[in-house]
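Examination of the molecular architecture
Given next are the chains, with one letter for each unit.
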Amino acid sequence: MSASSRRARRIVVCGLAVVGLLALIVVRRPLLMAAPQCVAGRWHGCYEFRELSDTFDAMLDQLESHVEEERRFAANASHELRTPLAVSRTLLDVAREDPTRDRGEVLERLHAVNTRAIGLVEALLLLSRSDRAGFTRDSVDLSLLAEEAAETLLPLAEKQGITLDVRGGEAWTSGSPELLLHMVTNLVQNALVHNLPADGTVTVRSETDGDTSVLRVENTGHPVPQELVPTLTEPFRRGTDRVRGDEHAGAGLGLAIVRSVVRAHDGTLDLAARDAGGLAVTVRLPAARPDGAQDAASGSQRSGPKTS
């Protein structure tokens, strides 16, 4: 997240907090003055004041929750960014103090650490961009994005022995092609990483349901605890109880980016643990008419399964 974005968020939060406190001070005095009458049952406006008081309490709770979320995100981001830098410094110190150490091995490890750090920074920038929702909207077919994501990740599926099955009808929506492609790619990659050690499957389906374009991604895998599911879209939550390959574990931002992109496109994101193991993720976005077409819901079948 950029410095300007963080400053803007802090200003908004502080501003809301000040407004809320001033309003609470103004309102609480008449509330306290009216309290004895409410207890005695002599004032008919008790219900309205009680409802107003509950509203302010809820607003303050939301402000506190938002501030805590921002604090936790900043702390986690600092930790994640500091880790690869510390590892790089350690590798350089070892190479400097031990001239006999294989330079090629050190360079290879430095390259891997640097690549991971770049990926983390790019993910943070993408998360910031999707939070702002300031992008140009075009007509986008989710089924085509699913095919593109599958082609990109097919080598990973083949390496892990996972069958990647992508098919479905056209599912047009209006939004940023780049952000939506990241959303679909993150969903498919997450399904591949958190899968069975061998002979797993990932299914991707797209369709138009009335005025909604739907994308579903399901994967086999070990059982996901129900209490873990609501936390999977929080930033830097890797789902430590889920099985994954360390090489593609990521920084725990994949589903957080998905949630942010979905919200920026006025959609909904639903996660559910499958009874047989693994996760089922459903994205619903407002349907849109394709450019130059008459029907946004033609639903023609595009592709068959892509298998490793």
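Quick caveat: nothing in here was measured; it's all calculated off a predicted structure. (Residues numbered from 1 in each chain as written. Predicted model: local features only at pLDDT ≥ 70, side-chain atom pairs only at ≥ 80, totals over all residues. Heavy atoms only, no water.)

A separate point is the nonpolar core. If you look at the biggest cluster of nonpolar residues, it comprises 44 residues, and the most contacted ones within it are Met183 and Leu215. Residues contacting Met183, with those up to four places away along its chain left out, are Leu142, Leu215, Val258, Val261, Val262 and Val283. (Core = buried A, V, L, I, M, F, W, Y, C linked by side-chain atoms within 4.5 Å. Buried < 20%, exposed > 50% of the residue type's maximum accessible area, 1.4 Å probe, protein only. Contact = heavy atoms within 4.5 Å.)

This part covers a negative patch on the surface. On the surface, Glu51, Asp54, Asp57, Asp61 and Glu64 cluster together into a patch of negative charge. Note that Asp61 resides in helix H2 (residues 46–97). (Patch = residues over 30% accessible without salt bridge, like charges linked within 9 Å, V, L, I, M, F, W, Y side chains within 5 Å. Areas by Shrake-Rupley, 256 points an atom, 1.4 Å probe, with all protein chains shown as cover. Salt bridge = Lys/Arg side-chain N within 4 Å of Asp/Glu carboxyl O. Lys, Arg positive; Asp, Glu negative; His and termini not counted. Charge placed at Lys NZ, Arg CZ, Asp CG, Glu CD. Helix = DSSP H or I, 4+ residues; strand = E, 2+ residues; numbered from the N terminus.)

Running from N to C, helix H4 (residues 142–160) and helix H5 (residues 177–193) point in directions that differ by 35°, and their axes come no closer than 9 Å. Handedness of the crossing formed by H4 with H5: right-handed. Residues Leu142, Leu145, Ala146, Glu148, Ala149, Leu153, Leu156, Ala157 and Gln160 of H4 form the contact with H5, whose own contacting residues are Pro177, Leu180, Leu181, Met183, Val184, Thr185, Val188, Gln189 and Leu192. Residue composition of the contact of H4 with H5, by class: 14 nonpolar, three polar and one charged. (Axes fitted to C-alpha atoms, helices over the stretch in contact; angles between N-to-C directions. Left-handed = near helix turned anticlockwise from the far one by under 90°. Nonpolar A, V, L, I, M, F, W, Y, C, P; charged D, E, K, R; others polar.)

Another aspect to go through is H4. Taking 1.5 Å of rise per residue, the 19 residues of H4 would be expected to cover 27 Å, and the 25 Å separating its terminal C-alpha atoms lies within 8% of that figure. Its maximal kink placed at Leu153, H4 deviates by approximately 50°, while the proline Pro155 follows within four residues. Three or more residues of H4 are buried, namely Leu142, Ser143, Leu145, Ala146, Ala149, Ala150, Leu153, Leu154, Leu156, Ala157 and Gln160. Immediately downstream of H4, the backbone of Gly161 shows phi near 70°, a positive value. (Expected span 1.5 Å × (residues − 1). Bend = angle between axes of the 7 residues up to and from the residue.)

All right, on to the side chain of Thr212 then. Along the chain, the position of Thr212 falls in strand S5 (residues 212–219). Among the polar contacts made by the side chain of Thr212, one reaches the side chain of Asp211 at a distance of 3.3 Å. (Polar contact = N/O pair within 3.5 Å; in protein donor to acceptor, adjacent residues only side chain to side chain.)

What follows covers the packing of H5 against helix H6 (residues 254–264). Two elements in contact, H5 and H6, have axes separated by 9 Å at closest approach and are oriented at 145°. Crossing of H5 over H6 shows left-handed handedness. Contacts between H5 and H6 pair Leu179, Leu180, Met183, Asn186, Leu187 and Asn190 from the former with Gly254, Leu255, Ile257, Val258, Val261 and Val262 from the latter. Residues of the contact of H5 with H6, tallied by class, amount to nine nonpolar, three polar and no charged.

With that out of the way, let us pick up H5. The end-to-end C-alpha distance of H5 is 24 Å, a good match for the 24 Å that 17 residues give at a rise of 1.5 Å each. With respect to burial, H5 is a largely interior element, 12 of its 17 residues being buried. Buried residues of H5: Leu179, Leu180, Met183, Val184, Thr185, Asn186, Leu187, Val188, Asn190, Ala191, Leu192 and Val193, and no others.

Once that is clear, we can look at the side chain of Asn195. Relative to the helices and strands, Asn195 is located in the loop between H5 and strand S4 (200–209). Separated by 3.0 Å, the side chain of Asn195 and the backbone oxygen of Ala191 make a polar contact. Within the local environment of Asn195, its side chain forms a polar contact with the backbone oxygen of Thr201, the two atoms lying 3.3 Å apart.

The subject of this paragraph is the confidence of the model for the protein chain. When pLDDT is averaged along the protein chain, the result is 76, and 63% of the positions lie at 70 or above. Summarising per-element confidence for the protein chain, the mean pLDDT is lowest in helix H1 (residues 3–40) (52) and highest in S5 (98). Segment residues 24–29 is flagged for pLDDT under 50; beyond a separation of four residues in sequence, or across chains, it makes five contacts in the model. Scored below 50 in pLDDT, residues 294–303 shows 26 contacts in the model against residues more than four places distant or in partner chains. (pLDDT = per-residue confidence, 0-100.)

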